[in-house]
Each structure stands twice: as C-alpha cells, then as structure tokens.
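Structural characterization, general
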2 protein chains.
Amino acid sequence: MTARIGVVGVVGLGLMGGSLLRRLAVVGLPATGWDLDPATGDLATAAGLSVSASMADLAAGCDPIFVAVPSTALNRVFAALPPDVVVSDLTSVKQRVRTLAAAHGLTFVGGHPMAGTEASGFAAASAELLAGAPWVLTLDDDTALSTWLTVAGILTSLGCRVVPCTSAVHDRAVARVSHLPHVLAAAVTSAAGHDPLALALAAGSFRDATRVAATRPELVAAMCGDNAEALKIEIAALRRHLEHLEERLPDPDRLTEFFAVAQRVRANWPPPAGPDTEMALDEDLRARLLALGSGGGCVTRVGPDRLIAMVPDTRGT
Amino acid sequence: MTARIGVVGVVGLGLMGGSLLRRLAVVGLPATGWDLDPATGDLATAAGLSVSASMADLAAGCDPIFVAVPSTALNRVFAALPPDVVVSDLTSVKQRVRTLAAAHGLTFVGGHPMAGTEASGFAAASAELLAGAPWVLTLDDDTALSTWLTVAGILTSLGCRVVPCTSAVHDRAVARVSHLPHVLAAAVTSAAGHDPLALALAAGSFRDATRVAATRPELVAAMCGDNAEALKIEIAALRRHLEHLEERLPDPDRLTEFFAVAQRVRANWPPPAGPDTEMALDEDLRARLLALGSGGGCVTRVGPDRLIAMVPDTRGT
C-alpha cells in the first residue's frame, strides 16, 4: 500500500529542515537538501550532507519532498514542484497549507513536527531534535492513504511518533498547546518589561513561562496569524478560565480546587507509553487512524501489510 | 548600625526553611531549626542540622528568627515569638504579613526569597537553592533600618542578593512575574486536560509554560489568594495585552511587532550584573535603598559602616 521511496528531498535547511536532513543521514536514508540561501547550503555541505545544486535539480530527482520553509515562502516553492511527487511540509498550521497545496495540484500530506527550540537556522539544527518527537501527518478526506503511509514510513524510520489527525483538528490542538503559550509568554514578558524591580525578582516561574518569548518574532507572528481563528477560540477559553479564577480568589478551598485540577493533569503529563498494537492496512484504516490520533496515540512503525501503533496509558489521569 | 547576631532560628523546615537552615550550616553561622512535624525535625537532625526541642526553646534562644511556615500558620507562630527579637518571614505576599506582625507587636522585617522548585518538603531542600537568589527584604515606613540591616547582613553572608522595596511594591511585582505565571500555567494545563491529542502534541512550549502547574495547589492558592488585589490588576493588564494581540492578528507587521517587544525584553533578561557601588550608612540610606530596589538593584554585602550594592547593567535593554 506504500509507494517505493526514492531520494528524499528537503527544501529549506533552517532549524527544522536542517535537523530533518541530518536525521535522514544518521539513519542512512538517501537524501539531499537545498536552501534559498547559498551560505546555508554551504554550511550543510560542510556538515557532510548532500546539497542539490538548485531547486529544480532537487524537484527533478527526489520523491518524496519535504518543504521546510516559512509559511510565507510555501506558495513559491509549491509552484516549483511536480504534481506526481509526494510532497509534505513542516509548517505549524495545516488548514491553510492544505488549501494551498490543493490549488497547486500537488500530491500532498501536511506535516508538523512537534519539536523546536528558541534558536533558529542550520547552525542550531541537530538530528537529536527530532528523535522521538511527535510528528503530525494530516489525514483529510482528500488525502490518499498510500501517500500518508509513504511519508509515515519515512518518519517512523527516523524514530518519530506519527500522529494522524485532520488539518482542522490539528490546528485547534496546536492553538491550545503551542500558539496560546507563545502569546502568553510574550504578554507576561512585555508586562514586566518596564519594571526593573519585577525583572530583578523574576525567578523560575517567570523564566519558564517566558522562555519561548525569545523566539524570532516573525516566526511566532506567522504561526499565530496563520491560525488566527483557532487561536481566538483558545483566547476566549482562557478568558473564561481567568473569570473562574477571579471568582474563586476570596475562597481558599475553591481556589485550591482551581489549581488542583491543573496539578492532576500536569503531574500525569506526558502519559507513559502504552503497549504496542497492530493495525492491518484494511478498509477501516482511515477511521482507525483518526481515532488513534484523537485518543493521543501515534504510529511508530509502518510495514508492508500492517503498522504498529501506540496508545498512551492514561490510567493515571 | 546593625545589631549583634545570636543563634539564628528557623521555624518551619520545609523546602524553603530547610534550605535556609542548610545554607546557614554551610556558611558556618550558628543556627537551629524547628518544625511542627516531628518527622521533619528528625530528617533535619539526620542531615546533621541543629534542631530545637520545642518552639518555645527556639524562641527563647534565637535572634533573629526566620519564620518559614505557610501563610495560614503565621498567626500561630507570631503569637509565640517575643517582641524584642528580630523576626523575618519567607512568605510570598508581604502586605498581609506586615499587618499581622504589627498586630503581634513584633520587631519585624518581611522577607521573600525568589527561589523555589515545584517540589516541597525538607527532602527537597538544599543549600544551593538559595545561592545567589534575590531575596526581598521589605523596607516600609515603620521598618527600623537597624533591623533591616541585621537581616540583610545574614542573607548577604549566605550569598543572597537582598532587594529592598516596600511591601506594596513587592506584592505588585510578584503578582506580575510569579503569581500571574502560576495562574496562566494552571489555565493552559486545564484547557488541554480533556484533549488527549493536544496533550500528545504538546512539546517544549507547553512543557515550560505549564511546569509550575505541578506545584502543590494549596501553596499556589495561598499566595494568589493572599495577593488577590495585585493579581487582579495584572490579570486586567493581561486582558488588554490579549485585546491588542487580537486586533493585530490580521496584520503580519503589527503582529510581529507585538512579539518583537517581548523578544527584546526576554533576550536581555536577566540583565548582567553592573559594577559594585558603596553606600554609606547615613541618613539618606532609606531613600537610596528604595531607589536601588526599584531600579532592579540589590545589596550584596553589609559592613559595619557601609554596604555594597549592585545595579544591573540595563544598557542592552
């Protein structure tokens, strides 16, 4: 059910694309990369990686191709890719990219590795960044299962945990656990910015709450702007949480319960891995993959006639 | 101007009191501790620390006395302390404690070490937790400078950076950099609590944004409840930040600027230490100490006729 894999292409060799190309090299999959910035390509070459002479060379010789460029550059790269090659991406918002890929007539499956650091650029890239990372692969009504399985097979061979879900479900989840935290980190940091005493007293809770505020502003702005509708829903939910908190401030027991709910969730996160289960590649696969993802599970290996899935052990929750 | 120091007493040997007693032992200051829970006292004795037989013994033999108990237990401990002994505390909200100490007629200076971990109890205590930590000592209209300097001298000999400010200014600052981050960590965690997919996708930004949500709920509830008025002001400020963010979502340049403001602040935090300066213990000292604190500075050493202060180097900000 999975297609034969050729040389894997990686367009864009910044933090994420560079880490992907390094990881492909570590596990021994034939792969080549390319970056718009020749200096970045030189860095990758100096690191012992294969780098294509041009975008056209890469597009002509690779299948599948991972596009690891900023979301603002996706349109230009998609225009240069052939329709019969499997294409995936690494951007943090999926509905917008799905629409764009369809407009270009690509054979597409959206992807999003849940890993990163506040650093950026090839110099910060490392194969270890992606080891064990959850990697969303979108499975929408118009996604061919064979395409999905091809890309999932590569990612699991890199040691990633492949999470199946629709583009819309992905975008709501990342607004909740990534984009909203970025917004709050920026707001907390800015609020303290004109208060030298507060900045002097700031300790562990501030350091951790604001770490991602050091991320490059244009990257954060792009992911929040691209996911504006889902982010607004999460901000509205946060406002309701803050109202509940304020109502409870005069009542120690109810206030403690507010924090106890979160403490139970956080103390059980991340949930331990549950046992491996096998899934046959049959006609129910699409529905079972989506149920796996919405339950917090992932695919850890793709074989010729079955795949291995893991559902987290949430008994502690 | 500073008083003669006797045996230092520490009431309450949990994470903070235990760390303080350990640190006093490491630097060789005579000190003894006591805890309401005999098992905790046994742990401290087994760690080679001096432990008093009773609260009354400690109160009769120590000066100054640090009270490191939960804010709900302060009233009971304060009632057992003599009025002529210097008393300080370690709780995270200062206006309420100041009022309580005055009601008991104590010779009091409020304190708050800006260090901690999500763990608690003597087992988690360590002398290193307090090394280099900022430690607020409140300097209110009714605080005797000699009392302030006595406690500041002990804390600087422990390697702490003593930050002078009024109780009200302290409470606003910690609402901003500690209590609000705790509230947001709980809200973000609870919002993801019923979404297994979101919890599976959660990575570094979620991990850091929610780390302090694992703190014991009753501790967080106590500090937020005790500082409710200042916390509400910070929540209102956060709401305005979120409104600004939502207005900017459709405009990439203005959205980038929202995150760029925070990025500049965070990239320059913590500010590097500036040069040491000397302060004579003269009649202007109170005003100069308060100016030092509001500028983000601290006292690093207290001598018989002068003290050494450090003002951070904010040129990068």
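Residues numbered from 1 in each chain as written. Chains lettered and ligands numbered in written order. Predicted model: local features only at pLDDT ≥ 70, side-chain atom pairs only at ≥ 80, totals over all residues. Heavy atoms only, no water.

Points about the packing of helix α12 (residues 252-267) of chain A against helix α10 (residues 217-226) of chain B
- At a closest axis distance of 8 Å, the pairing of α12(A) and α10(B) adopts a crossing angle of 130 degrees. Judged on the interaxial angle alone, α10(B) and α12(A) are oblique. In this structure, α12(A) crosses over α10(B), and the sense of that crossing is right-handed. Along the contact surface, α12(A) presents A:Pro252, A:Leu255, A:Thr256, A:Phe259, A:Ala260 and A:Gln263, while α10(B) presents B:Pro217, B:Glu218, B:Val220, B:Ala221, B:Cys224 and B:Gly225.
- In the contact of α12(A) with α10(B), the residues fall into eight nonpolar, three polar and one charged. (Axes fitted to C-alpha atoms, helices over the stretch in contact; angles between N-to-C directions. Helix = DSSP H or I, 4+ residues; strand = E, 2+ residues; numbered from the N terminus. Parallel < 35°, antiparallel > 145°, perpendicular 65-115°, else oblique. Left-handed = near helix turned anticlockwise from the far one by under 90°. Contact = heavy atoms within 4.5 Å. Nonpolar A, V, L, I, M, F, W, Y, C, P; charged D, E, K, R; others polar.)

Section: the pairing of strand β11 (residues 306-312) of chain A
All names here are of chain A.
- The element β11 is largely enclosed, with a buried count of five among its seven residues.
- Relative to β11, strand β9 (residues 273-280) runs antiparallel, the two being bridged by six bridges. Note on β11: the bridge partner recorded for threonine 277 is alanine 309.
- By the bridge criterion, four bridges tie strand β10 (residues 298-302) to β11 in an arrangement that is antiparallel. Considered in β11, the bridge of arginine 301 is made with isoleucine 308.
- Where β10 hands over to β11, the hairpin turn is made up of three residues, counted between the paired strands. (Buried < 20%, exposed > 50% of the residue type's maximum accessible area, 1.4 Å probe, protein only. Pairing = 2+ DSSP bridges.)

Digging into the pattern of salt bridges
- All told, the structure shown has 30 salt bridges over all chains when counted by the stated rule.
- Between A:Arg288 and A:Asp282 there is a salt bridge whose closest N-O contact spans 2.8 Å.
- Judged by relative accessible area, which is 29%, A:Arg288 ranks as partly exposed.
- We note a salt bridge from B:Arg176 to B:Glu234, for which the minimum N-O separation is 3.2 Å. Placement of B:Arg176 in helix α7 (residues 167-192) and of B:Glu234 in helix α11 (residues 228-248) is noted, with a sequence separation of 58 residues between them.
- Linked by salt bridges that have partners in common, A:Arg98, A:Asp140 and A:Asp142 make up one network. (Salt bridge = Lys/Arg side-chain N within 4 Å of Asp/Glu carboxyl O.)

Side note on the relation of the copies chain A and chain B
- Expressed as a screw operation, the relation of chain A to chain B combines 0.0 Å of axial shift with a rotation of 180 degrees, fitting to an RMSD of 0.0 Å. The symmetry that links the two subunits is that of a two-fold axis.
- A symmetric contact is evident, with 100% of the interface residues of chain A recurring at the interface of chain B. (Least-squares fit on C-alpha atoms with pLDDT ≥ 70 in both.)

Observations concerning the packing of aromatic side chains
Residues and elements named next belong to chain A.
- By the definition in use, this model includes eight aromatic pairs over all chains.
- With a centroid separation of 5.7 Å and an interplanar angle of 65 degrees, the aromatic rings of phenylalanine 78 and phenylalanine 108 are classed as edge-to-face. Here phenylalanine 78 is found in helix α4 (residues 74-79), whereas its partner phenylalanine 108 is found in strand β5 (residues 107-109), with 30 residues between them in sequence. Of the two residues examined, phenylalanine 78 and phenylalanine 108, each falls in the buried class. (Phe/Tyr/Trp six-rings, centres within 6.5 Å; stacked < 30°, edge-to-face > 60°.)

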